[in-house]
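Each chain, written out:
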Amino acid sequence: MDFALNDEQREIREMVHDICLERVEPRAAEIDESGEFPWDIKELFAKHDILAIPFTPEYGGVSGSALTLIVAVEEISKFCVTSSLILSVQSLGSLPIWLAGSEDQKRKYLPPLARGEQMAAFALTESGSGSDAGGMRTRAIRRGETYVMNGSKTFITGGSVADTIVVFARTDQDGDAPARDISAFIVEKTMPGFKVGKLEKKMGIRGSPTAQLFFEDLAVPVANRLGNEGDGFKLAMRVLDHSRPGIAAQALGIAEGAFALARRYARDRRQFGKPIIEFQGIQFMLADMATQIEAARALTYAAADALDRHLPDINLSSAMAKVFASDAAMRVTTDAVQILGGYGYLRDFPAERMMRDAKITQIYEGTNEIQRLVIAREVLKEKG
Ligand code: CAA
């Protein structure tokens with residue numbers, strides 16, 4: 001089945017696929033093993049304008065369409081999820097600027113990100129506030145024309161390699177309503193008081209640095225605040241509505257990569273005198289895997305298309321795509337390991353890496369429990 005992609009989207013998909021087949025796939029196992037950020041892949045993506053996909057031409061980009069971005073993330077994720085995160089986080093970290101930035105902020109910060117000269121990150125989560133994003137403790141206190149920021153963030157994807165980091169902090173010291181207390185700021189890594197802490201050791205996406213960030217009397221100019229004071233929480237929620245289809249696309253790509261591997265293996269592997277693909281037990285597993293993938297693609301592309309067409313209820317379509325595609329990726333990659341049997345359990349084959357990488361898609365950008373909460377709140381509303 002194929003979704004109605006336009007010519008530009010098909011061309012970008014083909015270009016990203018070819019580059020990843022030639023340059024990313026051969027690096028994927030090594031990136032996972034070393035756990036080091038793949039600067040060569042970042043340069044490759046910048047050179048081929050892949051990092052420019054999330055941005056419109058007026059800010060130095062080549063597209064700005066959510067569906068085009070989704071298709072590119074899906075292609076990269078078939079080969080290497082760590083590499084797909086380079087593009088996903090460039091989008092996630094720039095979305096707050098795109099959605100709430102002034103014209104001056106957009107002109108200053110977006111073009112270097114589109115050119116891939118600079119990298120972005122999104123700093124919302126803290127050690128004590130993950131799912132309960134409104135419970136953050138980082139504070140930014142206004143002193144004349146600057147805010148003085150103190151606090152820390154954890155689990156910040158790309159935090160140690162980012163130049164431009166959108167940081168959410170409490171600006172209303174007495175309040176307890178997240179929707180009014182939190183503001184968003186553009187922080188530059190060169191600002192005194194910005195420090196990168198430890199990098200986490202992870203099960204998967206091992207080449208993508210997950211950093212602690214510290215802010216010690218960091219002076220952020222008022223000009224770097226995004227939108228009005230107190231707009232930060234709603235902005236964070238809007239950003240996540242836009243970015244969750246990207247996690248769905250990642251999950252979809254991993255599942256497709258794992259399916260292709262399992263099918264290839266099942267054709268080659270002979271037991272009891274014939275290829276194991278001829279056994280109905282294997283065929284049924286592959287049939288279920290393919291069905292999960294098609295359903296995940298339909299929800300993911302529909303969510304991205306809804307963003308491009310500015311349809312209402314994007315929180316619902318984004319959450320549904322994210323929850324379904326990530327659960328599908330976990331099932332499909334687990335089944336791929338099973339089809340490869342003992343070989344699936346070895347590092348010599350990519351199946352086990354795909355299974356480890358799939359797990360994070362059920363956790364980050366809102367756990368799947370939070371997605372179900374968002375979905376339930378919407379579908380339980382009385383309408384009409
Ligand atoms: N868009 C706009 N506004 C929204 C909104 C949305 N999608 N969702 C909520 N709001 C508004 C509400 O209308 C409300 O406004 P009013 O007070 O004016 O009515 C306000 O925000 C507060 O909303 P809630 O009462 O619903 O807030 P809550 O505290 O119950 O939290 C939540 C809601 C959905 C659980 C939210 O906290 C959430 O999404 N949590 C998960 C956080 C998350 O996804 N973190 C991921 C970190 S980023 C990451 O993982 C990136 C990476 O590594 C790659």
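Residues numbered from 1 in each chain as written. Predicted model: local features only at pLDDT ≥ 70, side-chain atom pairs only at ≥ 80, totals over all residues. Heavy atoms only, no water.

(A) Region of the structure containing a nonpolar patch on the surface. A cluster of nonpolar side chains, contributed by Leu299, Met320, Val379 and Leu380, occupies part of the molecular surface with about 350 Å² of accessible area. Its location among the elements puts Met320 in helix H9 (residues 314–340). Taking the relative accessible area as the measure of exposure, Met320 reaches 30% and is therefore partly exposed. (Patch = residues over 30% accessible without salt bridge, like charges linked within 9 Å, V, L, I, M, F, W, Y side chains within 5 Å. Areas by Shrake-Rupley, 256 points an atom, 1.4 Å probe, with all protein chains shown as cover. Salt bridge = Lys/Arg side-chain N within 4 Å of Asp/Glu carboxyl O. Helix = DSSP H or I, 4+ residues; strand = E, 2+ residues; numbered from the N terminus. Buried < 20%, exposed > 50% of the residue type's maximum accessible area, 1.4 Å probe, protein only.)

(B) Representation of the site of the ligand. Of all residues adjacent to the ligand, which total 21 residues, the nearest are Thr157, Lys234, Asp241, Glu365 and Arg377. Contacts to the ligand include Glu365, whose backbone N or O atom sits 2.7 Å from an oxygen atom. One of the backbone nitrogen or oxygen atoms of Gly366 is found 3.0 Å away from an oxygen atom of the ligand. Here the ligand, which alone exposes 1100 Å², has 70% of that area covered by the protein. Within the residue set of the shell around the ligand, elements represented by two or more residues are helix H7 (232–268) and helix H11 (368–379). Counting residues per element, the shell around the ligand draws most heavily on H7, at seven residues. Among the residues making up the shell around the ligand, the classes are represented as 10 nonpolar, five polar and six charged. Two domains each put at least three residues into the shell around the ligand: domain 2 (120–229) and domain 3 (233–379). (Near = heavy atom within 4 Å. Polar contact = N/O pair within 3.5 Å; in protein donor to acceptor, adjacent residues only side chain to side chain. Nonpolar A, V, L, I, M, F, W, Y, C, P; charged D, E, K, R; others polar. Domains from an automatic or database assignment.)

(C) Just the pattern of salt bridges, in detail. Going through the model one piece at a time under the given rule, you end up with 24 salt bridges. Glu33 is the partner of Arg347 in a salt bridge, and the nearest nitrogen-oxygen pair spans 3.6 Å. One end of the pair, Arg347, is in the loop between H9 and helix H10 (351–361); the other, Glu33, is in helix H1 (residues 7–34), with 314 residues separating them in the sequence. Given the relative accessible area of 47%, Arg347 is considered partly exposed. The partner of Lys189 in a salt bridge is Asp163, with the nearest N and O atoms 3.3 Å apart. With Lys189 in the loop between strand E5 (182–188) and strand E6 (194–199) and Asp163 in the loop between strand E3 (146–157) and strand E4 (164–170), this pair connects stretches of sequence that are 26 residues apart. Residue classification places Lys189 among the partly exposed residues on the basis of a relative accessible area of 41%.

Functional significance is not addressed by these values, which are geometric in nature.
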